[in-house]
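Each chain, letter by letter, is given below.
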Amino acid sequence: MEFLMHTVSNWSGIESAQPQHLWKPRTREQAIGVVRQAADNGERIRVVGAAHSFTPIALGDDHLVNLDEMSGLVRVDLPRRRARFLAGTRLRDVPRLLEPYGLALANQGDVNPQSIAGAISTGTHGTGLGFTGFGGTVTGLSLVTPDGSVMNLSASDNPEIFDLARISVGVLGMILEVELECVEAFDLVAQETGEHLEDLLASLEDRARSHDHLEFFWFPHTDKAVAKTNTRVPRGAAAPPGLAHIGPRTRWLQMLSEEIVDNGALSLMCEVGSVFPSAVPAMAHAAAWATSNRSYRAPAHEVFVSPRRVRFNETEYAVPLEEGPGAIREVKRFIERNDLKVSFPVEGRVAAADDVPLSTAFSRETMYIAVHQYFKEDPRPYLGGVEKIMRAHGGRPHWGKRHSLGCEELSRLYPRFEDFRRLRERLDPDAVFGNAHTDKLFGVTR
């Protein structure tokens, strides 16, 4: 269950740690034992899944716990369409586990290596003004607290704790199980169209309200964007009029779009751009043309998720929906004013408001704006400049992506932030579940 000490890095390689103990428990009892050992010795714990966060949020120097061996489906409540998973279950495995029950996750982000516990803990989200992020679909949790006891949380069991724990950034305890509200399995009809950026921004809110899902990618150094709209269709049902002619991609077309264009060409563009920055604008125009105008139908998880082979660092902020277009325009001016050479497209997504206290979409419809920097390049000038723009628009930073905010700034962004801090202090007064990064987030002193 315990492995020798070695360096553990996050996905992009920008953050790393050398934990004294690296654990992979196979049972609930083993996981509880690790918690008790750390608490008894005055040491700290972090739980890591895919290490896909771009901050050190899941890394630590004392006890690092990976729950990959605690993976799989616990049970399904078919009448209520709820599924309970072990915390280490990877999102990529969920469609296979739910398929026999005719169920699916209601929404997903665009990558799927994360563990379920990691995804809900950092506020992972998808797209669509009718759909919340993962935190809004959580209906139950099992949580190990520092004294080794297990708390079962739901709207009926410890409801006040459950309410705050749905997104917890891993500082309330170790999650063992997660129950999620699901939906009947469905397909998506995806349409990707090349458009002028300003036309897209001017119509963005109306389009977001008239489609199930909307996201877009703008290519810096151009006025071109690709809008991606997804229409939900019950599995096996006919698509709405006007979309019935759109069929599945062939394996060849899928490989062409996902591997050759989206990943192979992007990798080449980033490598060349890191050595010859002046070549980036011309390559951006070619990339915008190559990724435009694709349509297909597929099971939802195959449309939501795209393979990400090219490593990067990322900042993502959640701004009020009405602020989004203006923030994008300011990012464009910032890039041009500072003559930055940006290889990655800027990503915009919309999502519903929710009632999860630490959700970036708490109490407001939201546009998520994400910017990326190739992992071989210094991310600070670009990502730091974009952060200033997003903060001026009332943005809340994604918990797992790069930002510079601490407790004081965050407390002004979340109406129930102090409620959460009090709960953290109550459940874990010695801050066993934390590290220097989370201490900064929640104002912890040890």
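This one's a predicted model, so the numbers in the text were calculated from it and none came from an experiment.

Undergrad: Looking at this model, I keep getting lost on unusual backbone geometry. Mind explaining?
TA: The general pattern is negative phi for most residues beyond glycine and trans for most peptide bonds. Although it is not a glycine, Arg81 sits at a positive phi angle of roughly 55°. In this structure, Arg81 sits in the loop between strand S7 (73-77) and strand S8 (82-86). The backbone of Asp339 shows a phi angle near 50°, a positive value even though the residue is not glycine. Mapped onto the elements, Asp339 comes out in the loop between helix H10 (324-337) and strand S18 (346-351).

Undergrad: Sorry if this is basic, but what is going on with the sheet that holds strand S20 (residues 396-397) here?
TA: Within a sheet, each strand pairs with its neighbour through backbone hydrogen bonds, oriented either parallel or antiparallel. Strand order across the open sheet formed by eight strands is S16-S13-S15-S14-S18-S19-S17-S20, with antiparallel pairing between neighbours. At either margin of the open sheet sits one strand with a lone partner, and together these are strand S16 (294-299) and S20. For strand S14 (residues 213-218) and strand S15 (residues 224-234), the ladder comprises six bridges, and the chain directions are antiparallel. Bridge pairing in S15 links Trp218 to Ala225. H10 rests against S14, strand S17 (312-320), S18 and strand S19 (366-374) of the sheet, and its axis sits at about 20° to S19. Of the strands in this sheet, S17, S18 and S19 are in contact with helix H11 (residues 380-392), which crosses S19 at around 165°.

Undergrad: Where do I start with empty space enclosed by the protein in this structure?
TA: One pass over the full model with this rule turns up four cavities of 30 Å³ or more. Approximately 60 Å³ is the volume attributed to the largest cavity. Lining of the largest cavity is provided by 13 residues; of these, Gly123, Gly133, Ile167, Asp354 and Ser359 occupy positions nearest its centre. Its residues assigned to classes, the lining of the largest cavity comprises four nonpolar, eight polar and one charged.

Undergrad: Explain the packing of aromatic side chains to me, please; I cannot follow it from the model alone.
TA: What characterises a pair of aromatic rings is the spacing of the ring centres plus the angle enclosed by the ring planes. Under the definition given, this model contains 11 aromatic pairs. Both rings, one in Phe312 and one in Phe344, keep their centres 5.4 Å apart while their planes meet at 65°; by these two values the pair is edge-to-face. One end of the pair, Phe312, is in strand S17; the other, Phe344, is in the loop between H10 and S18, and 32 residues separate them in sequence. A connected cluster of aromatic rings, assembled from ring pairs, spans Trp399, Tyr414, Phe417, Phe420 and Phe442. The aromatic ring of Phe186 is capped on one face by Arg232, whose charged end is 3.9 Å from the ring centroid.

Undergrad: Just to check I follow, could you spell out the pairing of strand S10 (residues 138-144) for this structure?
TA: Remember that side chains alternate between the two faces of the sheet whenever the strand is regular. Of all seven residues in S10, seven are buried; the element is thus mostly enclosed. Where S10 meets strand S12 (residues 174-184), six bridges bridge the pair, whose relative direction is antiparallel. What sits directly across from Leu143, in S12, is Ile175. Across five bridges, S10 lies against strand S11 (residues 150-154) in antiparallel orientation. Residue pairing for S11: Val144 is matched across the bridge by Val150. Count of turn residues in the S10/S11 antiparallel hairpin: five residues, of which Gly148 carries a positive phi of about 85°.

Undergrad: What's the story with the side chain of Asn313 in this structure? I'm lost.
TA: Along the chain, the position of Asn313 falls in strand S17. Of the residues examined, Asn313 reaches a relative accessible area of 2% and is grouped as buried. In terms of polar contacts, Asn313 uses its side chain to reach the side chain of Ser12, at 2.6 Å.

Undergrad: Please explain the nonpolar core as it appears in this structure.
TA: Soluble globular proteins tend to pack their nonpolar side chains together in the buried interior. Counting residues in each nonpolar core, the largest one holds 102 residues, and the members touching the most others are Met174, Leu358, Tyr382, Met390, Trp399 and Phe442. In terms of residues, this core owes the most to one element, S12, which gives six residues. The contact partners of Phe442, leaving out residues within four places of it in the chain, are Val169, Val171, Leu358, Trp399, Cys407, Phe417, Phe420 and Arg421.

Undergrad: Can you help me understand the pattern of salt bridges in this one?
TA: One side chain can pair with another of opposite charge once the charged atoms of both are near each other. Scanning all chains against the criterion turns up 31 salt bridges. Asp355 is the salt-bridge partner of Arg166, the closest N and O atoms lying 3.2 Å from each other. Taken as a pair, Arg166 in the loop between helix H4 (159-165) and S12 and Asp355 in the loop between S18 and S19 lie far apart in primary sequence, 189 residues in all. Arg209 is the partner of Glu365 in a salt bridge, and the nearest nitrogen-oxygen pair spans 2.6 Å. Within this pair, whereas Glu365 is found in the loop between S18 and S19, its partner Arg209 is found in helix H6 (residues 204-210), the two being separated by 156 residues in sequence. By relative accessible area, which is 47% here, Arg209 ends up partly exposed. Residues joined by salt bridges that share partners form a network here, namely Asp163, Arg166, Asp355, Arg416, Asp419 and Arg422.

Undergrad: Sorry if this is basic, but what is going on with the environment of Ile116 here?
TA: Relative to the elements of secondary structure, Ile116 occurs in helix H3 (residues 116-121). Judged by relative accessible area, Ile116 falls into the buried class, the value being 1%. Separated by 34 residues in sequence, Ile116 and Arg82 place their C-alpha atoms 14 Å apart.

Undergrad: Is there a simple way to think about the pairing of S12 in this case?
TA: Of all 11 residues making up S12, eight are buried, and the element is well covered by its neighbours. Strand direction decides the pairing type here: S8 and S12, joined by five bridges, are antiparallel. Paired with Ala83 across the bridge in S12 is Leu180. Inspection of the sheet shows strand S9 (residues 103-105) paired to S12 by three bridges, in the antiparallel sense. Directly across from Leu105, in S12, lies its bridge partner Cys182.

Cut-off values and rules
Residues numbered from 1 in each chain as written. Predicted model: local features only at pLDDT ≥ 70, side-chain atom pairs only at ≥ 80, totals over all residues. Heavy atoms only, no water. Helix = DSSP H or I, 4+ residues; strand = E, 2+ residues; numbered from the N terminus. Pairing = 2+ DSSP bridges. Contact = heavy atoms within 4.5 Å. Axes fitted to C-alpha atoms, helices over the stretch in contact; angles between N-to-C directions. 1 Å grid on protein atoms, 1.4 Å probe; cavity = no way out; pocket = protein on both sides within 12 Å on 5 of 7 lines; lining within 4 Å. Points joined across faces, edges and corners; volume = space filled by probe spheres on them. Nonpolar A, V, L, I, M, F, W, Y, C, P; charged D, E, K, R; others polar. Phe/Tyr/Trp six-rings, centres within 6.5 Å; stacked < 30°, edge-to-face > 60°. Lys NZ or Arg CZ within 6 Å of the ring centre and 35° of its normal. Buried < 20%, exposed > 50% of the residue type's maximum accessible area, 1.4 Å probe, protein only. Polar contact = N/O pair within 3.5 Å; in protein donor to acceptor, adjacent residues only side chain to side chain. Core = buried A, V, L, I, M, F, W, Y, C linked by side-chain atoms within 4.5 Å. Salt bridge = Lys/Arg side-chain N within 4 Å of Asp/Glu carboxyl O.

Just distances and angles here, no functional claims.
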